[in-house]
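Topology and contacts: notes
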Amino acid sequence: MRKNPARTLIGTTLVVLTLLVVTIAMDRDPQLGLDLQGGISVNLQPVDDAGEVTTDVTTEQLDQAIEIIRRRVDAVGVAEPEVSRQGSTVTVQLPGAKDQQEVLELVGRTAQLEFRPVLQILPPIITGEVREEAEARVAELRGELGLPDGVTAEDVLTEEQNLQTEALGLDLDGGALEGLVPGPSGDEAELDMSPEGTDEEAAGIGGGRRSAALRGQDASDDDDAAQLPAETDGAFESPEPLNQFGIALDDERFIELFQLEAQLTSELTPLEDQTEDAEIVVPGEGGQVYRLGPRALTGEALEGATASLGEFGQWTVNPVFRPGPEGIDAFNAIAQQCYSGAPTCPALSDTSRGLLGIVLDGEVISAPSINVDSFSRDQIQISGSFTREDADALAVALRYGALPIALEAQQAETVSATLGAGALRAGIISGFIGLALAALYLFSYYRLLALVAVGSLAVSASFLWVIMSWLGATVTLAGVVGIVVSVGVTVDSAVVYFESLKERVLNGSSVRAGVDRAFDVAYATIVKANISSLIGAGVLYWLAVGPVRGFAFYLGAMTLLNLVATYVFVYPATAVIGRSRQGLHPRRLGIPLDEVAASPGARPTTADMGATS
Amino acid sequence: MSRFSNAYRNKNDVDFPTWSRRTLVVSLLLVAVSGIALVTQGLSLSIDFEGGSAWTVPADGFDRADAEAVLDQFESAEGARFQQATTADGDQILRISGQVDDIALGAEVGEALAAAAGLEPGDVEVTTIGPSWGADITRQALQSLIWFIVLIGAYLAWRLEPKMALAALAAVVHDLTLTVGFYAIFQIEVTPATVIAFLTILGYSLYDTVVVFDRLRDGVIRYGKTGHYTYSTIMRRTLNLTLMRCVNTSITTILPILSMLVVGGLLLDQPLLRDFSVALIIGLLLGVYSSLFVASPIVAMLKEREPRWVDVRDRLKQRGNDVSDTRWVERSNTPVPGGTTAAMASRVQPTDGDAQTVGDAPPLSTTIGGHPPRPRKRRAKR
């Protein structure tokens, strides 16, 4: 670098230009913060039962709460929502959101963990183009089958079942229903007892059944319809259709119609309607939809949960219930029903065991089949095709459910898009005017060298733009201010260097020799001063929330970039100028040294050696 | 030659030690006044610290009476403040702040205001701060401050020296007290943006002090060993050499901020920009001032008491020199004739005669005493 500053300078310029071009060509740019593009931001903090703000919560609980809020927000479909945590404060930022009341309702509700028996597993709800296609197909099938408007496939099924029962005394109910709805594909998990001392046995059972459950899952993932005729063949020995439309229940078209109609008509229960006694329809993992019975118990029946590695290398989750009627007894009551496949918790698969849905914030996170009729409170294991992450996530959710934290909005803010845009424009306009003024001053004082200072600003700013673009960092108004403020710091590095150079030249050194020496001294100072700034920015970033953080981030980033830019740009650029013919005219560098300019030859470069050695 | 052109030629010789004796007194007075104002008047804190609501309604013809009617519906008109403003586009804006610190109620009022003004709910800006949130912000700010002082103090004590760290922090506290005092005296509202600015002031003030002190330390290393100069003399010399750097840096830093205040804050009516820039400008000016006139004299005071510098003074006195004359005189080879009675006369700016002496002084970079310049690695001698 020292020997060939020109090369460094060209290198730096090329790197900066390349990065800029690539960034722009790939159409990346920094995101605008909420205050600039409009939207709603809410800061929430955990509160205790009395409604007082508390810090007595674990990181895990908070992270789980954030996860839940994120899911809710995603479900509403806000573009690029941001949910973050700092300390025990949760910040939710919803760009473009307008209705503050709605948002407060959305994020402020305490999520609850419930256990509800699974009544039915419905096919995934379809939307958009697929839905339109499905609707078209339904119309087509209805035409082919000659079904009049207002009569659904389910009506036909019911009629046929009733008539068949009457005529033949056959009980088709269970079989037909089971055949027509897809298998319990959500049945990834099962609930076993792991009695002390007989771990091996319990694990063995779990392992064996798991493979059965896995088969079910594989088969029903994509093409439910294709699988169904084969499954249903056994259920109907092709009895003559008795219904008024003459439709055979094993008609492939009818099965498809039934499937599609079920898919099109199933509707999720809104969260506010998910009351204790209601039957609810909620989504689960993998897109399935579950119809669930009334709440059997809440997460408060739980004491805790852990994930552990079973004997055969499969991950299991071990929930522990509280003792007493509110805890394990309540759980066993519902477990008994599911084990025996009672109507309140019907058997849905060939195992003839009912499933117990674990519902967190209106979403089924697991629905294990109950394989034991009575559990002791700390000897329960949920096994299934869990990866370690799955098991951990489930255990965390159960632990959270045991002690859900209530988050209460402490600060809420709506920024209108138009006002935000005005703020951004004001920041940018005033920033550029200020920059122009500062540049003007620099030119009047340092002449040619001002080019270096302004260039260094451009280099820092370009780096910052590139980094922000790739990090997807958000620019807030406070951030814009931070950038404008850091202009001073950036220019200062150059000024410290120029002054050091000037002093040397005024004291008899040549510009040529001075550029190197001055840089060594100046850079040591610049590093010290910038590190103090960085410490300040770091403290702010670490401790503060909201706009202060954005400000600290940009101040810190600019300070750091300034250190780099000074090294790879300011020095080489000054050296190139200093060693060129311009270096023989210190006046052009803002150094009022008349005699050198008058007689360039009077100061041979060897004089440096005399001055410095 | 004018002062500026003297300074441009590095021939300025401000008598810092004499000046700082006065400025220290002034500073102490101002700190006391600020402290008293802070205690008696307190700060005018925005809703962000005390809890409350603010609504911004961008609608022509929607005025105070309309807004009050809406607030009355929610029984929250008490203590509300109204401010009518016009944006750069000529749009009317009504800013309302009230004491509603219930988040849900704040949102409700916002919607009612939007309805009353014939706007969509999202067009009215609503900010509501719960009562405990403000306490939190305050606690965070104080926490940041303490950490800042501890970390920076440790860093400076390590990189410079403990006494300099102490003086630098004293200057920081000075700047902060005066800025906060300014806000207390004039009862300017303190917003979170102001707090950011206060914290930035700490950074600036320190940055400046570090640059000055680094130079001072350099000077002491180079000239201290000669035994010809008192600490104050070296300080005066180095401060003069960094003076133009301080001035230039301050000007280039203040210009963008000034533009932010005038263009962004006043012409384009952005309260955040205005809040920021006012505090920053005050802080910046204070920062430069305190590096030169608060931090440096404190260091000088502390250092002059060290046995080493007491010795130097005693020896110079024995040789018949006037140690209170801090002008820079080349003393490396021959003892300077003592009894410069004009010491106190050169308080302000040097005459041309003075300038000559100063101009002839060797650069700090060349070696005078037995202390060679630090060897540079990888430095190719050409």
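The structure under discussion appears in the preceding block.
For the structure given in this document, a descriptive report is provided here. Remember, it's a predicted structure, so these values are computed and weren't measured experimentally. (Residues numbered from 1 in each chain as written. Chains lettered and ligands numbered in written order. Predicted model: local features only at pLDDT ≥ 70, side-chain atom pairs only at ≥ 80, totals over all residues. Heavy atoms only, no water.)

Across its full length, chain A carries 19 helices and 17 strands. Looking at chain A as a whole, 53% of its 613 residues qualify as buried. Counting contacts in chain A only where the partners sit at least 6 residues apart, residues at least 24 apart contribute 75% of the total. A total of about 25,800 Å² of accessible surface is found on chain A, and carbon and sulfur atoms cover 55% of it. (Helix = DSSP H or I, 4+ residues; strand = E, 2+ residues; numbered from the N terminus. Buried < 20%, exposed > 50% of the residue type's maximum accessible area, 1.4 Å probe, protein only. Contact = heavy atoms within 4.5 Å. Areas by Shrake-Rupley, 256 points an atom, 1.4 Å probe, with all protein chains shown as cover.)

All right, on to the interface of chain A and chain B then. The interface is formed by 91 residues belonging to chain A together with 83 residues belonging to chain B. Both faces combined, the contact of chain A with chain B buries some 7,500 Å², and carbon together with sulfur accounts for 62% of it. If you look at where chain A meets chain B, you find three salt bridges. Between Glu503(A) and Arg215(B) there is a salt bridge; the shortest N-O distance is 2.5 Å. Our enumeration of links across chain A and chain B arrives at 14 residue pairs in polar contact (both at pLDDT 80 or more). Elements with a minimum of two residues in the side of chain A that touches chain B: strand S2 (39-47), helix H4 (100-108), strand S16 (406-415), helix H13 (417-446), helix H15 (477-506), helix H16 (511-543), helix H17 (547-579) and helix H19 (607-612) of chain A. (Buried area = accessible area lost by both parts, 1.4 Å probe. Salt bridge = Lys/Arg side-chain N within 4 Å of Asp/Glu carboxyl O. Polar contact = N/O pair within 3.5 Å; in protein donor to acceptor, adjacent residues only side chain to side chain.)

Moving on to helix H6 (residues 131-159) of chain B. Helix length check: H6(B), at 29 residues, gives a terminal C-alpha distance of 43 Å against a target of 42 Å (1.5 Å per residue), a fit within 8%. Of all the positions in H6(B), only Trp133(B), Gly134(B), Asp136(B), Ile137(B), Gln140(B), Ser144(B), Phe148(B), Ile152(B), Gly153(B), Tyr155(B) and Leu156(B) are classed as buried. (Expected span 1.5 Å × (residues − 1).)

On the secondary structure map, Val487(A) appears in helix H15. Look at Val487(A) and you get buried, because its relative accessible area is 8%. With sequence-adjacent residues up to four places away left out, Val487(A) is seen in contact with Leu435(A), Leu457(A) and Pro256(B).

Right, let's get into the nonpolar core. Judged by nonpolar contacts, the single largest core of 151 residues is most densely connected at Tyr497(A), Leu156(B), Phe213(B) and Phe276(B). With 18 residues, helix H8 (residues 192-223) of chain B is the largest single contributor of residues to this core. (Core = buried A, V, L, I, M, F, W, Y, C linked by side-chain atoms within 4.5 Å.)

Further remarks concern the packing of aromatic side chains. In total, this model carries 24 aromatic pairs over all chains according to the counting rule given. Seen from their ring centres, Tyr497(A) and Phe519(A) are 5.3 Å apart, and the 75° between their planes marks the pair as edge-to-face. A residue pair is termed long-range when its members are at least 10 positions apart, and Tyr497(A) in helix H15 and Phe519(A) in helix H16 qualify at 22 residues. A ring pair is formed by Tyr231(B) and Trp309(B), whose centres lie 5.1 Å apart and whose planes are at 80°; its orientation type is edge-to-face. Of the two residues, Tyr231(B) sits in helix H9 (residues 231-267) while Trp309(B) sits in helix H11 (residues 307-318), which places them 78 residues apart along the sequence. What makes Trp309(B) buried here is its relative accessible area of 1%. Taken together through their ring pairs, the aromatic side chains of Tyr441(A), Tyr445(A), Tyr446(A), Tyr497(A), Phe498(A), Phe519(A), Tyr523(A), Tyr567(A) and Tyr571(A) make up a single cluster. (Phe/Tyr/Trp six-rings, centres within 6.5 Å; stacked < 30°, edge-to-face > 60°.)

Before going further, it helps to spend a moment on the sheet that holds strand S4 (residues 92-98) of chain B. Reading across the sheet, the eight strands line up as S3(A)-S4(A)-S2(A)-S16(A)-S5(B)-S2(B)-S4(B)-S3(B) and stay open at both edges, with antiparallel pairing between neighbours. Because the sheet does not close on itself, it has two edges, and the strands there are strand S3 (82-86) of chain A together with strand S3 (81-86) of chain B. Mean inter-strand twist for the sheet, computed between neighbouring axes without regard to direction, equals 20°. As paired elements, S2(A) and S16(A) share nine bridges and run antiparallel to each other. (Pairing = 2+ DSSP bridges. Axes fitted to C-alpha atoms, helices over the stretch in contact; angles between N-to-C directions.)

Here the focus is the packing of helix H14 (residues 448-471) of chain A against H15(A). Between two packed helices, both the angle of their axes relative to each other and the distance between the axes serve to describe the pair. All names here are of chain A. The geometry of H14 relative to H15 is characterised by a closest axis approach of 10 Å and an angle of 140° between their N-to-C directions. Considering the angle they form, H14 stands oblique to H15. Of the two possible hands of crossing, H14 and H15 adopt the one that is right-handed. Of H15, the residues touching H14 (which contributes Leu449, Val452, Ala453, Ser456, Leu457, Ser460 and Leu464) are Ile483, Val487, Thr490, Val491, Ala494, Phe498 and Leu501. Here the contact of H14 with H15 is composed, by residue class, of eleven nonpolar, three polar and no charged. (Parallel < 35°, antiparallel > 145°, perpendicular 65-115°, else oblique. Left-handed = near helix turned anticlockwise from the far one by under 90°. Nonpolar A, V, L, I, M, F, W, Y, C, P; charged D, E, K, R; others polar.)

Any functional reading would require information beyond the geometric quantities listed.
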